[in-house]
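Structural overview
So you can see what is in the structure, the chains are spelled out below.
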Amino acid sequence: MRKNTLACAAAVIGTLALLSLPVLTTAAKAKPANDGRAQCYECHEEVKALKEGSRHASLSCATCHGKMDEHMNDPESSRPVTVIDQALCARCHKQQYGSFVTVNYEAHARREKGIPTGRSPMQDKLLAGHGFTFEHAEPRGHAFMVTDQFIVDRFQGGRFQYRDGWKGVDRTGKTWDVLTDTGRKLPETAMAGNPTCIQCKSSDHILRWKFLGDRDPKAKWDRGSDVVAIAKDTNNPMGCIHCHDPHGTQPRVVRDALIQAIEKEPATNIFARNGRTDLRMISFRDGFRKIGVMEKVDSRMMCAQCHVEYNCNAGNQWSDGAKVGFDDRRTNHFPLRNSLQLLKHYRELDFYDFKHAITGARLVKFQHPEAETYAGSVHDRAGVQCHQCHMPQQKGKNGKSFSNHGVIRPKNHVRESCLGCHPDSTVERKLYQIEAVRNYISGKMRKSEYWLGQLIDSYVAAQRMGVTESVLAQAREKHEEAHVLWEYWTAENSDGFHNPDLARESLAGSIAASKAGVRILNDAMQVARKGDGK
Amino acid sequence: MRKNTLACAAAVIGTLALLSLPVLTTAAKAKPANDGRAQCYECHEEVKALKEGSRHASLSCATCHGKMDEHMNDPESSRPVTVIDQALCARCHKQQYGSFVTVNYEAHARREKGIPTGRSPMQDKLLAGHGFTFEHAEPRGHAFMVTDQFIVDRFQGGRFQYRDGWKGVDRTGKTWDVLTDTGRKLPETAMAGNPTCIQCKSSDHILRWKFLGDRDPKAKWDRGSDVVAIAKDTNNPMGCIHCHDPHGTQPRVVRDALIQAIEKEPATNIFARNGRTDLRMISFRDGFRKIGVMEKVDSRMMCAQCHVEYNCNAGNQWSDGAKVGFDDRRTNHFPLRNSLQLLKHYRELDFYDFKHAITGARLVKFQHPEAETYAGSVHDRAGVQCHQCHMPQQKGKNGKSFSNHGVIRPKNHVRESCLGCHPDSTVERKLYQIEAVRNYISGKMRKSEYWLGQLIDSYVAAQRMGVTESVLAQAREKHEEAHVLWEYWTAENSDGFHNPDLARESLAGSIAASKAGVRILNDAMQVARKGDGK
Amino acid sequence: MRKNTLACAAAVIGTLALLSLPVLTTAAKAKPANDGRAQCYECHEEVKALKEGSRHASLSCATCHGKMDEHMNDPESSRPVTVIDQALCARCHKQQYGSFVTVNYEAHARREKGIPTGRSPMQDKLLAGHGFTFEHAEPRGHAFMVTDQFIVDRFQGGRFQYRDGWKGVDRTGKTWDVLTDTGRKLPETAMAGNPTCIQCKSSDHILRWKFLGDRDPKAKWDRGSDVVAIAKDTNNPMGCIHCHDPHGTQPRVVRDALIQAIEKEPATNIFARNGRTDLRMISFRDGFRKIGVMEKVDSRMMCAQCHVEYNCNAGNQWSDGAKVGFDDRRTNHFPLRNSLQLLKHYRELDFYDFKHAITGARLVKFQHPEAETYAGSVHDRAGVQCHQCHMPQQKGKNGKSFSNHGVIRPKNHVRESCLGCHPDSTVERKLYQIEAVRNYISGKMRKSEYWLGQLIDSYVAAQRMGVTESVLAQAREKHEEAHVLWEYWTAENSDGFHNPDLARESLAGSIAASKAGVRILNDAMQVARKGDGK
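In this report, the structure presented in the accompanying data block is examined.

Calculation notes
Each chain carries its own residue numbering, running from 1 in the written order of its sequence. For naming, the first written chain is A and the first written ligand is 1, with later ones following in the order written. Restriction of local features to residues with pLDDT of at least 70 applies here, the model being predicted, together with a cutoff of 80 or more for giving and counting side-chain atom pairs; totals for whole chains, interfaces and linings are based on all residues. The side-chain numbers reported here are obtained from all heavy atoms of the structure, hydrogens and water having been left aside. Superposition of the copies used a least-squares fit over C-alpha atoms from residues whose pLDDT is at least 70 in both. Here a residue-residue contact requires only that any non-hydrogen atoms of the pair lie within 4.5 Å. For any pair of parts, buried area is found by adding up, for both, the accessible area (1.4 Å probe) each one loses once the two are put together. Between Lys or Arg on one side and Asp or Glu on the other, a salt bridge is scored when a side-chain nitrogen of the former is within 4 Å of a carboxyl oxygen of the latter. We define a polar contact as two N or O atoms separated by no more than 3.5 Å, with the added condition that, inside protein, one atom must be a possible hydrogen donor and the other a possible acceptor, whereas residues neighbouring each other in sequence contribute only through side-chain atom pairs. Three residue categories are used. Nonpolar comprises Ala, Val, Leu, Ile, Met, Phe, Trp, Tyr, Cys and Pro, charged comprises Asp, Glu, Lys and Arg, and polar comprises the others, including Gly. Labels follow the DSSP assignment, with helices taken as runs of H or I lasting at least four residues and strands as runs of E lasting at least two, numbered in each case from the N terminus.

1. What about the relation of the copies chain C and chain B?
Laying chain C over chain B is done by rotating through 120° and shifting 0.0 Å along the axis; what remains is an RMSD of 0.1 Å. Such a combination of rotation and displacement between the chain copies is what one expects of a three-fold axis. Every residue of chain C has its C-alpha some distance from the rotation axis, and the shortest such distance is that of P116 of chain C, at 3.3 Å. Comparing interface residues between copies, only 9% of those in chain C also lie at the interface in chain B; the contact surfaces differ.

2. Some remarks on the relation of the copies chain A and chain B
Once chain A has been moved 0.0 Å along the axis and rotated by 120°, it coincides with chain B to within an RMSD of 0.0 Å. A low fraction, 10%, of the interface residues of chain A reappear at the interface in chain B, so the copies pair through non-equivalent surfaces.

3. Brief notes about the interface of chain C and chain B
Between chain C and chain B, the contact holds 33 residues from the first and 30 residues from the second. Taking both sides of the interface into account, the surface hidden between chain C and chain B amounts to around 2800 Å²; carbon and sulfur atoms contribute 58%. Per-residue buried area on chain C facing chain B is highest for Y105, W166 and R464 of chain C; these three make up 28% of the total on that side. Between D124 of chain C and K447 of chain B there is a salt bridge, with its nearest N and O atoms 3.0 Å apart. In this structure, the connection of chain C to chain B is made through 15 residue pairs in polar contact (both at pLDDT 80 or more). The class makeup of the residues in the side of chain C that touches chain B is 12 nonpolar, nine polar and 12 charged.

4. Some remarks on the interface of chain A and chain B
Contact with chain A, which involves 30 residues of that partner, is made by 32 residues of chain B. Of the roughly 2700 Å² buried at the junction of chain A and chain B (both faces included), carbon and sulfur atoms supply 58%. When residues of chain A are sorted by the area they lose upon contact with chain B, Y432, Y440 and K447 of chain A head the list and together hold 24% of the total. The tally of links from chain A across to chain B stands at 15 residue pairs in polar contact (both at pLDDT 80 or more). For the side of chain A that touches chain B, the secondary structure elements donating two or more residues are α20 (427–464) and α22 (500–531) of chain A. Ranked by residues supplied to the side of chain A that touches chain B, first place goes to α20 of chain A with 16 residues.

Structural data, given as structure tokens:
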């Protein structure tokens, strides 16, 4: 049926490739109905529903797709080309794209978190045994999300390096124009990295990755794929299509584990208001791929595609210690729970990341749980969404307003980020208030770390004194509890500002758990000492 | 006798209250003698002596007092109202008041001292067991002295919080417009705070607090009062009257323990020059209250009402370990001794604050001993007083000079603070020299902390190895010595600039004491090891 | 022969002294041949070779020398005066001199390295037992190189102090106008310092110090001289003549141990290109003194007179523990090896500096090995020399270009230092790239320190558990290895920028060695525990 040869649209873009993008001609815009899309719609009803009547209605299918005649001749074995390069979108959305790729020199490169002035000064001790101890740098802008991920010393042994040395550190563009594969493992590096984590960093694989990354003949990549191979096939950071449906411009989400988590708890998930979210799920290719489309922008969900705690690596089960490998869907999982709930969640999920190298406690290393942290905060309850503070409207060179897609740090842009809603305040005051929260919560983080350190040191001493395993096991449980309540905040990027109350409660809980662990061990050591007859 | 009904002055201010302050009419100023004050003077001779001939001579008593007719009808049971709100003073002294309440955004809020970049990075270990480990923030301006005191996590379990969330962090004004009582103890907080410490933070209770805070039927509050109750009755930060006599504008001091300390050693106290100070003590209500009045401003004493090491909390006795409660005057005590002298002083006073949670050493937590530090320094010997650097003259909007009552940090205002006396220098040079001292002394502080940490760690190890109590006791003594010589400098606010020589000597002494303690323990451990037959 | 009385030149400068420098008259310049130099050349052929035809050819000998008539009358016992004060050179080379003595207020004074924000936060633990733990300040400009050296708390017990207190901290000029000798040892200071180290700080002793500092009747000072005596005879920081031959303006080096090291490996030393350096050695007074003269400036060698790892103190031998005293030439030694090679080098040299106070490992404390670090780096291979980045050309007030002799930090002067070679970049970008390297390498340094700390702690624990000496010896060897690979980078002043690859390799090696040591100790402790029957 689809094998008719009418394929004018495809002909237009015959040589379509990244380096020769089609021109959006006025003609194409003027005659939406005559560009052959009807043929496409015969099979792709879900596309028609998205596209017709939308702001992209006038764009022909050939704008983004190529090799459509081959596809229509043999739809089963010949797939059309789909251009998902940001540069195509940028032909109309110049300002947004421009702000996305502009380097923000305020965000320093390769600044290690595990130093006295970093976000996690005691990291090497507290995360002993985890790959993040090899390099754990403060975050930079989205334009670097792929290259920063690949070059870090914990990713595949540091084999990927800047093509032209350190000058590459602020170079944006195609991944392999910036990086090179040395094929060489550097000393003191980890072999971490996996196909799932790349799904948050790039949109490149959206059509070649089955829902949740399950293995499938139709999917080029899955959770168990060779990570070096998929890395070398990853050319762009996360693109426009992660958040904007290309057919119809609807705000959307595409990250599978987020969709799964929201579908599981449609009325009670962290984004729901009045028992629901605005998200409508659309399935493509019989569930091979799903997207969630919104009526109105809810950037809390769009950003939550990455800015959440998620698990993407192999680990072990609490129940029996058995290995959980990439064949298991738990290696692509969004809990959507905050710091107070996560230990229980992971225990019920029967999954943990790694054992602490010193105490053997079963621990989780968090990602960047901004969405869960923000949920229920003062600003969230006031209806504020992520983009209002992080992607404020600004005037472009052409005089038109646009949303800054550089994703800024509000403390560096208080006027744009804060004063819109707080017009009676001043930059000086708001910055001071922001810093006050961060000062206070940073103080609590340092205290949590001190006490975790005390717990670990006491554990070692107790072990060396021959304290019984049952006591040590109690201490390890306290370690597990204290760790989760703390580590979350070194991964979260606001130093507590997103939700100071949650941060305080969580960190105080961490301190209390560590102290309890220290007490258990000290008591046991005192008994052990007396048992020595001293 | 005093029961006559002539009470015109009182009538004038009939409805006097904080929100309806009397107008200082020209008439009142012109006719000082006809405003009824003679009636007042019949009983209040000491007021007459202060007032007549002074710069406040023209103000009628009713300017600051109300309900005087009732008082004169029944002086024993009806006390006149006394307005001690700064706003009243501000009606004439606008610039001074304005500078007092202006928020200095250079002084950050709730910045914890116990972090790597703070003034006391190892505080949680070195002060283990003390309430300051729950929160110990860097100081801010005087306008926040009450709210910062009440909101800190070590004060009454953190029950007092900002009324409108973190936006309250830079709000000045009446205490309970800024704060609210949640009635709830937060986890990981201390229950510290006491009525005496509030006497340094507020002038509100000056007429309701007997000398030294002794219990008395005429005193609403005393050292043993319920701290939450007095806190909730505290509405203003320290007022003008702490340093300026309202009757006659004489420079003065009112803080009882300072007066006691100076009276005890009139010729040899740290402020005396040529065997005396300029302070004349005046007693009100048969010693219920005392003030000290100066001929000439000596801000060293005025500031020393708070900027000293003082004790205001319960503790224990060195001699027998007995508890020292708030009934004991040692809970309102100014030593006026510097870091080299304080251990001896507190041993003789037979008082210590707390036991270290790990070693059990008997320790003191210091307040902000700027006055004792400064005494005998290069600048003190040159005759420089506190206000010359911290409250320099500046031009107001009206073109008149006034003393900045914001109490500035000279390093942020080198021109105003330093160049008046050092006209041949430059801002750049003076700042560099200031920072050089602070760099050097901060270095010594970090070294002292390192060695105290070594001492504590060695103590734990020795204890676990079963080293004898007599050796441990020697080590604890070294800890007590090393602690006092160090901790003083984390409490003092100049990082040694007030007196670099004293700071160096003291911190070197701390290091030496810690090293001696470590040596004692190491020697004993070596013996213990050999005793094990190894 | 030389006893003729013709000594007009000497007569001209009869009263020559530092305070009455001779005027360079036009006449003197015009008639080079008639100023009596021929007499001098009769004996001083090597001077003639340098001087005649050079840019200093027109200057008479009397410009810098005095008492020449006495000398010529009795050359053996009467030596001419030689003025080596920079002020004399400055009469023509104003801009260079001016930039040398200008205080760079960006380089802070007496900022301790051993603090959380310093270059070596864990120094007091990792260097335990070494004098640098008493004070180890970040470097400042060359104008302070003598005073900073003498005043530091590890130099002769801190007996030298600022003459007028802390105001002296930014005073330049003659050493003893700035400093005074208190004659008093301060507590918590070291007695380090020696005559050799002063040879890098000052040019004052160039004529009174035999090659390598050997003892000789003709030398006033030698390696074994009293350090206080030579310090008090040291009046100027390193002068122009360290790098510029005064007779002929040829670029040169004078530091004996550098000359020795280059002579030893003429074709393979770190400065050699194509198997050679441009350095021609000239011997004065039968080898009493040597200089190395270049055809063309190679600032890599000029700066390497000080900016290298060198040994100048007494120590011990690896082979037998025997003391190595100042009579031994190893106390004036330049290895010219980088961090990866130095442990082997010092083992072969059979010399180490000190034993670690806790583990007893035999350690080296490095100086500032910038030259060895830079050798082989990207910039070195591109032919860039030190002065191009650190002493860039700048316009003087007179409009003429000159090389900034203030020796700047490129990160504060990116335009001048970097953009000459990188014209397509920007200050913002280059600074960002520089900081990225420093961030990354600083992170590695902190990791190295963490692991060294773990090694030391584990050693103590193992020792206390009675682990055998043979295991402890293995751990000490790992400590020795890890230490050298790390400590070098706290001494080097670029935080890795000079050679990021070398820094990474070295620090990773340090971490690996520490981890290996920890593993050895942990394994032994586990065995020991089981041996206790637990």
